[in-house]
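Descriptive structure summary
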Amino acid sequence: MTHSAPTGAATEPVDDAQRSVDAVVVGAGFAGLYLLHRLRQFGFTVRVFEAGSDVGGTWYWNRYPGARCDIESMQYSYQFSEELQQEWTWTERFASQPELLAYIQHVADRFDLRSGITFDTMVEGARFDDSSHRWTITTSSGETVSARFFILGSGVLSTTNTPAFTDRDLFTGASYHTGRWPHHEVEFAGQRVGVIGTGSSAIQSIPLLAEQAEHLFVFQRTPNYVVPAMNRPLDPEEVRAIKADYPAFRAKAKERPSAFLFPFNPGSALEVSPEERFERFEAQWQIGGLPFLGAFGDLLLDREANRLVTEYWKGKIRAIVDDPDVAERLIPKGDIFGGKRLCAGTDYYETYNRENVTLVDLSEDGIERFTPTGLVAGGETFELDAVVFATGFDAMTGSVVAMDIAGPDGSTIRERWSTGPATYLGLAVHGFPNFFNTQGPGGPGVFATMVTGIEHQTDWIVDCLSWMRAKGYTRLEATSEAQSDWVRTVAAAAEPSLRSKCDSWYTGANIPGKHRVFMPYIGGFPAYVSQCSSVAENDYEGFVFEALPAGEARAGGDAPD
Ligand code: N01
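This section reports on the structure supplied with the text. (Residues numbered from 1 in each chain as written. Predicted model: local features only at pLDDT ≥ 70, side-chain atom pairs only at ≥ 80, totals over all residues. Heavy atoms only, no water.)

1. Focus: the site of the ligand
Around the ligand lies a shell of 24 residues, among which Thr-198, Ser-201, Thr-222, Lys-340 and Trp-505 are the nearest. Here an oxygen atom of the ligand and a backbone polar atom of Ser-200 are 2.9 Å apart. Interatomic distance of 3.3 Å between a backbone N/O atom of Ala-390 and an oxygen atom of the ligand. Compared with its free state, where it exposes 920 Å², the ligand has 87% of that area covered by protein. Looking at which element gives the most residues to the shell around the ligand, the answer is helix H6 (residues 200-212), with three residues. Broken down by class, the residue content of the shell around the ligand amounts to 10 nonpolar, nine polar and five charged. There are two domains that each give the shell around the ligand at least three residues, and those are domain 1 (18-157 + 395-546) and domain 2 (168-238 + 259-389). (Near = heavy atom within 4 Å. Polar contact = N/O pair within 3.5 Å; in protein donor to acceptor, adjacent residues only side chain to side chain. Areas by Shrake-Rupley, 256 points an atom, 1.4 Å probe, with all protein chains shown as cover. Helix = DSSP H or I, 4+ residues; strand = E, 2+ residues; numbered from the N terminus. Nonpolar A, V, L, I, M, F, W, Y, C, P; charged D, E, K, R; others polar. Domains from an automatic or database assignment.)

2. Focus: the side chain of Ser-81
Tracing the backbone shows Ser-81 in the loop between helix H3 (58-61) and helix H4 (82-87). With a relative accessible area of 5%, Ser-81 lands in the buried category. Of note is the side chain of Ser-81, whose polar atom sits 3.3 Å from the side chain of Glu-83. (Buried < 20%, exposed > 50% of the residue type's maximum accessible area, 1.4 Å probe, protein only.)

3. Here we look at the pairing of strand S8 (residues 192-196)
On a regular strand, one side chain projects to one face of the sheet and the next to the other, so that they alternate. Here S8 lies mainly inside the structure; four of its five residues are buried. Direction of pairing for S8 relative to strand S9 (residues 215-220): parallel, over a ladder of five bridges. What sits directly across from Ile-196, in S9, is Phe-219. Since S8 and S9 lie parallel, the crossover through H6 that links them has a hand, and here it is right-handed. Examined bridge by bridge, S8 and strand S16 (residues 386-389) share four bridges and lie parallel to one another. Following the sheet pairing, Ile-196 is matched in S16 by Phe-389. (Pairing = 2+ DSSP bridges. Right-handed = clockwise from strand over helix to strand, strands pointing away.)

4. Some remarks on the sheet that holds strand S13 (residues 367-371)
The strands making up a sheet associate through hydrogen bonds between their backbones, and the pairing can be parallel or antiparallel. Strand order across the open sheet formed by three strands is S13-S14-S15, with antiparallel pairing between neighbours. Looking along the sheet, the strands with just one partner apiece sit at the ends: S13 and strand S15 (380-383). Direction aside, neighbouring strands of the sheet carry axes that sit 20° apart on average. Where S13 and strand S14 (residues 374-377) come together, four bridges link them in antiparallel fashion. The residue of S14 that forms the bridge with Ile-367 is Ala-377. (Axes fitted to C-alpha atoms, helices over the stretch in contact; angles between N-to-C directions.)

5. Digging into unusual backbone geometry
Of note in the backbone geometry, Asp-112 takes a positive phi value of approximately 50° without being a glycine. As for its placement among the helices and strands, Asp-112 is situated in the loop between helix H5 (97-110) and strand S3 (117-118). A positive phi is found at Ala-259, a non-glycine position, where the angle reads about 60°. Within the secondary structure, Ala-259 sits in the loop between helix H8 (246-253) and helix H9 (274-287).

6. Quick notes on the pattern of salt bridges
A complete count under the given rule lists 25 salt bridges for this structure. Close ionic contact of Glu-237 with Arg-240 constitutes a salt bridge, the shortest N to O distance being 2.6 Å. Pair noted here: Glu-237 and Arg-240 are both in helix H7 (residues 236-244), with a separation of three residues, about one helical turn. Its salt-bridge partner being Lys-514, residue Asp-394 comes within 2.6 Å of it at the nearest N-O pair. Pair noted here: Asp-394 is in the loop between S16 and helix H12 (398-401) and Lys-514 is in the loop between helix H15 (480-494) and helix H16 (525-537), with a separation of 120 residues, a long-range link. Note on accessibility: Asp-394 and Lys-514 belong to one class, buried. What emerges from the salt-bridge pattern is a single network uniting Asp-130, Arg-475, Glu-477 and Glu-546. (Salt bridge = Lys/Arg side-chain N within 4 Å of Asp/Glu carboxyl O.)

7. Thoughts on the sheet that holds S9
Spatially, the five strands line up as an open sheet ordered S7-S16-S8-S9-S12, and their pairing is parallel. The open sheet has two edge strands, strand S7 (174-177) and strand S12 (357-361), and neither has a second partner. Averaged over all pairs of adjacent strands, the angle between their axes in this sheet comes to 20°, without regard to strand direction. Two strands pair when backbone bridges link them, and S7 and S16 are joined in this way by four bridges, in the parallel orientation. Bridge pairing in S16 places Ala-174 opposite Ala-386. With respect to the sheet, H6 is in contact with S8, S9, S12 and S16, its orientation differing from that of S9 by roughly 160°. (Contact = heavy atoms within 4.5 Å.)

8. Looking at the environment of Asn-356
By the element assignment, Asn-356 lies in the loop between strand S11 (343-345) and S12. Note: C-alpha distance between Asn-356 and Lys-471 (115 residues apart in sequence) is 67 Å. Sequence-distant contacts of Asn-356, that is, excluding residues within four places in its chain, are made with Ala-210, Ala-213, Glu-214, His-215 and Leu-216. A polar contact is formed between the side chain of Asn-356 and the backbone oxygen of Ala-213, at a distance of 3.1 Å.

Geometry only, nothing functional implied.
Pasting the structure below:
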């Protein structure tokens, strides 16, 4: 395994050529790195801006105890390079954050990507100029860069959400957000620690925090459904078998709606005997993690099927948690099983059997206020040395609307999306020419393995840019009609799913005041790929193209033909 220096790289002084490039990319996580690599491969000049001090994106920021991926390592990784697939060896079924970060650092070094990245720098604004068909991009360091194309790889879950709790600033103890965890060891031994939230981040960190803390208080507003991850070291035989024909393995995965392979039974939970159903749930439970939802094909489509899986799951939890009152408080009331992202944990429910762990129910009154030494909830005062905010993210749109991205008429994406995000193919936004977003609303996002989805969208974008270059076009824009049609397609795909009926970050319900709409496209990865391919094959149907006179286009720093 190759490990590189902990910080990105000394950023070289910027010369004139770097002030005018073909593309500016935001973010140096999985998306930004592959965008940089692919654009360079096709002869485009690129600058990447990254807020962090190193590559990694999600896996750079989310360093909380227990952070790991819930998609299998052999599938949650790049496939664009067979050499890379062969030389890297994952050690666990589900990679931990340090291993994922080491992998991303290895990719950055192996493909010489650091030289294209400016670290510790946020893109603050971008404005499109219709006379030059170029974006002017401004950064937190005061730099201004001109680019023909402006492309985001800024992350689905990267803008953290810290609720505006009353008197939060009065608290004098240590406080952390799981999504902005310090880069040094955090010591909790001998401390009274409070964790706020019981989503995936909390579920992974709670068992480890409980091992360290003198006492752990878990402040739970809504219980979540958690299944055991069943993480384990990877068997070298299993790895060898996949590597023997990795491309075929990947191709099979891409035929699945989620773009990852797991045992899936398309049958109905309602059409089998109770015994058969139980055996099926049990078998899938033993596999561990998200595949549990693959026990039957209608668990997320039919309320009765969903009730049946919930009943099975409740039996498991009641058997694990010693105190029946605590067990009941850990069981969601009336929520759809899998409506929010299913959480995969290790010893999560077992942790509530520890003497030093207290579950605090916030469902009635929430957190009343913070004090200098803790917080008040349900009329009770909790004295705390440290608070961990595991309160999630302003998902999918947060990192986009954080920037002032203005189209030719001066209106911003933030304004346009205040009534809900609208995109064409999840990739482009009407009114914002030469702009692309990856893994944003209207795209599959987390509903298809992230890295696979990133590679597909990146390849599509770079093919489109190459096609434009060959045709001499300097401007593209999604039409309003194509965008409206796609928004309808996204809504129609979501409609049959019980997920679209739940409060979750998928619908924006986790952020007070955020417009409620089911944001990702859940029609499945193959359908999405087919739609994107058909648009490309039909000369990028749904986009309009323009060309500046040749001399003017060249003056802007276009890539060579
Ligand atoms: O965030 P979340 P997360 N008062 O939004 C609570 C991915 N991920 O960081 O449900 C009190 O799920 C909130 O309560 P409620 C994965 O896609 C993946 O945990 O709104 N509590 C909830 O319990 C995941 O879905 C991995 O009532 C408040 C919690 O904070 C996504 O990231 C690991 C509150 C937020 O949960 C987000 O997960 C980690 C308030 N005012 C994350 N506001 C893996 O790959 C919010 N909460 C395994």
